[in-house]
Amino acid sequence: MAMIPWKNKTSEGTGAPSLAEFRSEVSKLFDSFLREPVGTLSETINAWNRWGPALDVSQTDTTVTVHAELPGVDPNEIEVTVTGDRLTIAGEKKEASERTDQDVFHREMKYGSFSRTIQLPTTVDANEVSADYANGVLTVSLKKAPNSAARKIPISTGMGSASNTP
Amino acid sequence: MTLEATMPQEAAVSPTEHTRGGSYYRPNVDIFELPGELVVKADMPGAKMDEIDIQFEDGSLVIHAHLTTRQDTQGPFSRKEYGVGDYYRTFRVSEQIDASRISAEYTAGILTLHLPKTEAVKPRKIQVEGK
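A brief structural summary. (Residues numbered from 1 in each chain as written. Chains lettered and ligands numbered in written order. Predicted model: local features only at pLDDT ≥ 70, side-chain atom pairs only at ≥ 80, totals over all residues. Heavy atoms only, no water.)

**What to know about the overall build of chain B**
Thinking step 1. Within chain B, the regular secondary structure consists of 1 helix and 11 strands.
Thinking step 2. Moving toward the C terminus, one meets the helices and strands of chain B in the order β-α-β-β-β-β-β-β-β-β-β-β.
Thinking step 3. Counting only residues that meet the buried cut, chain B has 43% of its 131 residues in that class.
Thinking step 4. Considering only intrachain contacts with a sequence separation of at least 6, the fraction spanning at least 24 residues in chain B is 57%. (Helix = DSSP H or I, 4+ residues; strand = E, 2+ residues; numbered from the N terminus. Buried < 20%, exposed > 50% of the residue type's maximum accessible area, 1.4 Å probe, protein only. Contact = heavy atoms within 4.5 Å.)

Quick look at the structure:
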């Protein structure tokens, strides 16, 4: 589907028929390239403004599980949103208030708001999401959308379709 | 003042050095000072309270937490951004810390160590007596 605009654009440019195959290959490459870095680009922009937790993503045939390292974050300050195949984990890590008047002389931890958006391996069911926070690790359990599961498409060998082949 | 986080090479264990078949990770720490104590906070997500070992010997404080390495129970990983393994870090602690009263707590993936100062170095107000 997403390939179509790229094909059109290329054929407008040159229109050399001998390059048709080559162009289709190029547009495929462009398509996959453009689809992939969208996630990483927004992640890079996020990284400039805020910090983002390190993530683990694993999957089974029906589920996707995401783990995020978020030590010291109040679970009430974490927001998890799912849209299609996008997962966003955002929130704020607050410094303990007792710290304001004291002398901090060694600091390695990150504080403040964080946000991270990733592209999941597949589309998930936005109504079947659960999140659990334990020992500084957030676990988000997602269910793959029914239509996203890999399906075997049967090929019909009926007489009608055979007669249509050139 | 009196506490110094030893560098990985001094500690002889770098963040992801493989030792005896396992990996050690150096937790990030914040150290700050209160009038009566030093407080060390270490980011140790995923640790279990009963598998954290804190030792103090010859002026050095050692934090070690045992973690079971990641299991592929939930299927293959498509993203692995953080390591899962033991946490290890050492600190040099001066004599101004009362080692016998060091205490620790673990909440929300953060280990907090309280290192009380000895009576001798605690700030105190000296009464001026008139004659």
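**Topic: the packing of aromatic side chains**
Thinking step 1. What the rule picks out here adds up to 1 aromatic pair over all chains.
Thinking step 2. Seen from their ring centres, Tyr-24 of chain B and Tyr-88 of chain B are 5.4 Å apart, and the 55 degrees between their planes marks the pair as tilted. Taken together, the residues Tyr-24 of chain B in strand E3 (residues 22-25) and Tyr-88 of chain B in strand E9 (residues 86-93) connect sequence positions 64 residues apart.
Thinking step 3. In this structure, Lys-93 of chain A packs its charged tip against the face of Tyr-111 of chain A, placed 5.3 Å from the ring centre. (Phe/Tyr/Trp six-rings, centres within 6.5 Å; stacked < 30°, edge-to-face > 60°. Lys NZ or Arg CZ within 6 Å of the ring centre and 35° of its normal.)

**Re the interface of chain A and chain B**
Thinking step 1. Across the contact, 35 residues belong to chain A and 37 residues belong to chain B.
Thinking step 2. Together, the buried faces of chain A and chain B total about 3,000 Å²; carbon and sulfur atoms form 50% of this surface.
Thinking step 3. Connecting chain A to chain B are 3 salt bridges.
Thinking step 4. Between Asp-43 of chain B and Lys-93 of chain A there is a salt bridge; the shortest N-O distance is 3.5 Å.
Thinking step 5. Broken down by secondary-structure element, the contributors of at least two residues to the side of chain A that touches chain B are strand E1 (55-59), strand E2 (63-69), strand E5 (103-107) and strand E6 (112-119) of chain A.
Thinking step 6. Looking at the side of chain A that touches chain B residue by residue, the class counts come to 14 nonpolar, 11 polar and 10 charged. (Buried area = accessible area lost by both parts, 1.4 Å probe. Salt bridge = Lys/Arg side-chain N within 4 Å of Asp/Glu carboxyl O. Nonpolar A, V, L, I, M, F, W, Y, C, P; charged D, E, K, R; others polar.)

**A closer look at the environment of Gln-119 of chain A**
Residues and elements named next belong to chain A.
Thinking step 1. In this structure, Gln-119 sits in strand E6.
Thinking step 2. The spacing of Gln-119 and Leu-87 is 32 residues in sequence and 6.5 Å in space, taken between C-alpha atoms.
Thinking step 3. Looking at Gln-119, its side chain comes within polar contact range of the side chain of Asp-85, at 3.0 Å. (Polar contact = N/O pair within 3.5 Å; in protein donor to acceptor, adjacent residues only side chain to side chain.)

**Brief notes about the pattern of salt bridges**
Thinking step 1. A full pass over the atoms with the stated rule returns 8 salt bridges over all chains.
Thinking step 2. A salt bridge links Glu-108 of chain A to Arg-89 of chain B; the nearest nitrogen and oxygen atoms lie 2.8 Å apart. Within this pair, whereas Glu-108 of chain A is found in the loop between E5 and E6, its partner Arg-89 of chain B is found in strand E9, the two belonging to separate chains.
Thinking step 3. Under the relative-accessibility criterion, Arg-89 of chain B is labelled buried at 2%.
Thinking step 4. For Arg-116 of chain A, the salt bridge is made with Glu-81 of chain B, and the minimal N-O distance between the two is 2.8 Å. In this pair, Arg-116 of chain A is assigned in strand E6 and Glu-81 of chain B in the loop between strand E8 (77-80) and E9, connecting two distinct chains.
Thinking step 5. Residue Arg-116 of chain A is classed as buried on the basis of its relative accessible area, which comes to 11%.
Thinking step 6. Residue Glu-81 of chain B is classed as partly exposed on the basis of its relative accessible area, which comes to 33%.

**What to know about the sheet that holds E1 of chain A**
Thinking step 1. Strand order in the open sheet formed by 5 strands is E7(A)-E8(A)-E2(A)-E1(A)-E8(B), with antiparallel pairing between adjacent strands. Only two strands of the sheet have a single neighbouring strand rather than two, namely strand E7 (124-134) of chain A together with E8 of chain B. Adjacent strand axes in the sheet meet at a mean angle of 15 degrees when their direction is disregarded.
Thinking step 2. With 7 bridges connecting them, E2 of chain A and strand E8 (residues 137-144) of chain A associate as antiparallel partners. (Pairing = 2+ DSSP bridges. Axes fitted to C-alpha atoms, helices over the stretch in contact; angles between N-to-C directions.)

**Regarding the sheet that holds strand E3 (residues 78-83) of chain A**
Residue and element names in this part refer to chain A.
Thinking step 1. Taken together, 3 strands build an open sheet; the order of strands is E3-E4-E6 and the sheet is antiparallel. Unpaired on one side and paired on the other, E3 and E6 mark the two borders of the sheet. Across the sheet, the axes of successive neighbouring strands diverge by a mean angle of 10 degrees, strand direction being ignored.
Thinking step 2. Here strand E4 (residues 86-93) pairs with E6 via 8 bridges, running antiparallel. Its bridge partner lying in E6, Glu-92 is registered against Ser-113.

**Considering the nonpolar core**
Thinking step 1. Residues Val-40, Met-44, Ile-52, Ala-65, Phe-91 and Leu-111 of chain B are the most contacted members of the largest nonpolar core, which totals 21 residues.
Thinking step 2. Grouped together as the second largest cluster of nonpolar side chains are 20 residues, Trp-51, Leu-70, Val-124 and Val-140 of chain A included. (Core = buried A, V, L, I, M, F, W, Y, C linked by side-chain atoms within 4.5 Å.)

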